[in-house]
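Results of the structural survey
Spelled out from the first residue to the last, the chains are:
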Amino acid sequence: MLHEILLALVGCTGDLIIDEREHHKSLGIPLYPDAPISDQCCFKLASDISFIDRSERDLIERLIALGFYYRELDRFTTKSRNLSWIRSGDVSPSNRASELSNRKTEKPSIYRRAFANGLVEVLSVYRSVVLQIEQKLLSETMPILATVIQGLNKFFVVLPPLYELVLEIERDDLRGGKLLNLLHKRFHCGVPELQACIQRLLWHGHQVLYNQLASWMVYGTLQDHHGEFFIRRQEDQNMEYGSSIPDTSEKLARLSADDTSLMDWHLGFHIFLDMLPENIHMHAAESILFAGKAIKILRNPSPGFKFQDALCKQQTGKGSQNVHESAAHHRFHKKPISGRIIGEELLPQSEADKIEIMLQDLKESLDFHKRSFECSVDSIRAIAASHLWQLVVVRADLNGHLKALKDYFLLAKGDFFQCFLEESQQLMRLPPHQSTAEIDIIVPFQMAAIKTISQEDKYFSRVSLRMPSFGITVKSSQVDLSKTKTNAGGSSETSLDGWDGIALEYSVDWPLQLFFTKEVLSKYRTIFQYLLRLKRTQLELEKSWASVMHQDHADFARHHNDRMNHSTSQPRRQHFRPMWHVREHMAFLIRNLQFYIQVDVVESQWDFLQSHIQNSNDFTELVTFHQE
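A brief report on the enclosed structure follows. Given the structure is predicted, the values throughout are model-derived calculations rather than measurements. (Residues numbered from 1 in each chain as written. Predicted model: local features only at pLDDT ≥ 70, side-chain atom pairs only at ≥ 80, totals over all residues. Heavy atoms only, no water.)

1. Description of the nonpolar core
- Counting residues in each nonpolar core, the largest one holds 156 residues, and the members touching the most others are Leu 152 and Phe 230.
- Counting residues per element, this core draws most heavily on helix H8 (residues 192-219), which supplies 13 residues.
- Non-local contacts of Phe 230, meaning those with residues more than four positions away in its chain, are made with Leu 209, Leu 213, His 270, Ile 271, Phe 272, Met 275, Leu 276, Pro 277, Ile 280, Ala 285 and Ile 288. (Core = buried A, V, L, I, M, F, W, Y, C linked by side-chain atoms within 4.5 Å. Buried < 20%, exposed > 50% of the residue type's maximum accessible area, 1.4 Å probe, protein only. Helix = DSSP H or I, 4+ residues; strand = E, 2+ residues; numbered from the N terminus. Contact = heavy atoms within 4.5 Å.)

So this is what it looks like as structure tokens:
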């Protein structure tokens, strides 16, 4: 009888201790390996045993319930650790299709497999205890049931909660971060033995998490074949919510390598909150997302950028010195750009090893220490941000491009735009022709460049003039007057001069698109259009004053030659005097407004940005400063 009990304790039923599911109505129904886990204990003592009284029967059935829990947990671990979904290449498609049709396949989960590995450790301890009890019973002359109960007493507080845990995982199909959240929740209990078991299960789950973090933050690779990591690709989310995007792969295939890396940076990845473990703060998750994207950029540089490095190596002595002359005392120029630095990897192996060591230290810890985890993540993020800053600011010459945007989009090169407006003044007095407007305006633009732009300005070739639209309409949200006052029955939109649609475009190469996004260049373009409108207005007011003065001097000369016209000339000057006052007020307003924008706003904020560039070594901080 005791041997039957010992066999039942390791999940093997027989004639005395039966499984009610297998012996339903006295018929042997085999239990398939992939059968669902029973939600109630089905190990019972056979009803036809008459030599055991009621108290002993209750005691034995309570004891053999551990065998039921063991068998169900063992079945769960066998199913979760099954690697049959990994198929070799020699399996024919017909055989694979038949296997899939014969049995119900479940979505694999590496987190469940890790959880099952932890359960295997717990069950191996349980089996060893049962084996020790069997040896002890064999050595005794009078074996008793109390020996079995005393030896397995600690498992009465361990196996039932683990069984309920597995039931909940199966019922709610928990995986990934949700599984870690459940284990973290069940860890907070008052039973030391159960806490030790769940702590071990959590350790196994965190090993998978750390492996995914290492792949993401060391190599920039997202290893998540089953959608269990809290960092996901954007198209994965679209597919999950049923968006029909059959041409996504085709669009990605048509993109160049630079476009793909930019899409990955701006829109490629996101934080999937459903799989984010509760003990990882949102700030830490955002740092992990940034670090992985930065490492991905650093490890996959553009082929064109490598070619630029080769050119820069040849021109280090002359070109780079001129570009950075104005910022020679900046901290990022303390280390001169040389062929040795350019020849290094964007992310040195020593830095990658440092990141890997940080994650390895976290991985080897028995517990998950939130503070240590967040400190390590912040350190990794700082390393990634620093090297990305080095790439964009030093190697890609960010300061030179910022200076070019200031010169051309913020009209810092006043002589160039003065010449351009003078060259195009006659053209702009007529409305633009839709078919030839862009070609017409490019001619004075190039003439002004020939007269004022020197050949040393290598950034001017990146600037191009466009006429994207004609007869621009400014909506009511852009005009202060229309917010407060509109004519009854009139339009709330104000039509502007067609030439106000002149826009500049600036060509940036990898990796500067990470910094100069389309939104940023759009803001520059809007500011340029406004400043050019002010410049045109100022020029027209000055030209009108010169014209009036020329006419007045001509009248004065005629009056001096012909005294008879004195009576008509003086009333003429009196007639135009109010108009001269109005023009002077307008010129005063435009001059002061333009001076305020160019000096008090643009120049002061430019100096403010330059001071931040000197004192910062973080790419994200630099982006924030530039946005401000």
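2. Some points on the pattern of salt bridges
- Counted by the stated rule, this structure contains 21 salt bridges.
- Among the salt bridges present, the one from Glu 168 reaches Arg 186, with a minimum N-O distance of 2.5 Å. Of this pair, Glu 168 sits in helix H6 (residues 159-172) while Arg 186 sits in helix H7 (residues 177-187), and the two are 18 residues apart along the sequence.
- In this structure Arg 186 comes out as partly exposed when scored by relative accessible area, which is 28%.
- Note that Lys 403 and Asp 407 form a salt bridge whose closest N and O atoms lie 3.1 Å from each other. Here Asp 407 and Lys 403 lie together in helix H18 (residues 398-408), a separation of four residues that amounts to about one turn.
- Judged by its relative accessible area of 36%, Lys 403 is partly exposed.
- Judged by its relative accessible area of 9%, Asp 407 is buried.
- One network of salt bridges, in which partners are shared, links Lys 79, Arg 112, Glu 170, Asp 173 and Arg 175. (Salt bridge = Lys/Arg side-chain N within 4 Å of Asp/Glu carboxyl O.)

3. Looking at the packing of aromatic side chains
- As enumerated under the stated definition, the model contains 23 aromatic pairs in all.
- With a centroid separation of 6.2 Å and 65° between ring planes, the pair formed by Phe 409 and Phe 528 is classed as edge-to-face. Placement of the pair is Phe 409 in the loop between H18 and helix H19 (414-423) and Phe 528 in helix H23 (residues 518-561), with a sequence separation of 119 residues. Like Phe 409, the residue Phe 528 is buried in the burial classification.
- Ring centres 5.6 Å apart and planes at 85° place the aromatic pair Phe 420 and Phe 445 in the edge-to-face group. (Phe/Tyr/Trp six-rings, centres within 6.5 Å; stacked < 30°, edge-to-face > 60°.)

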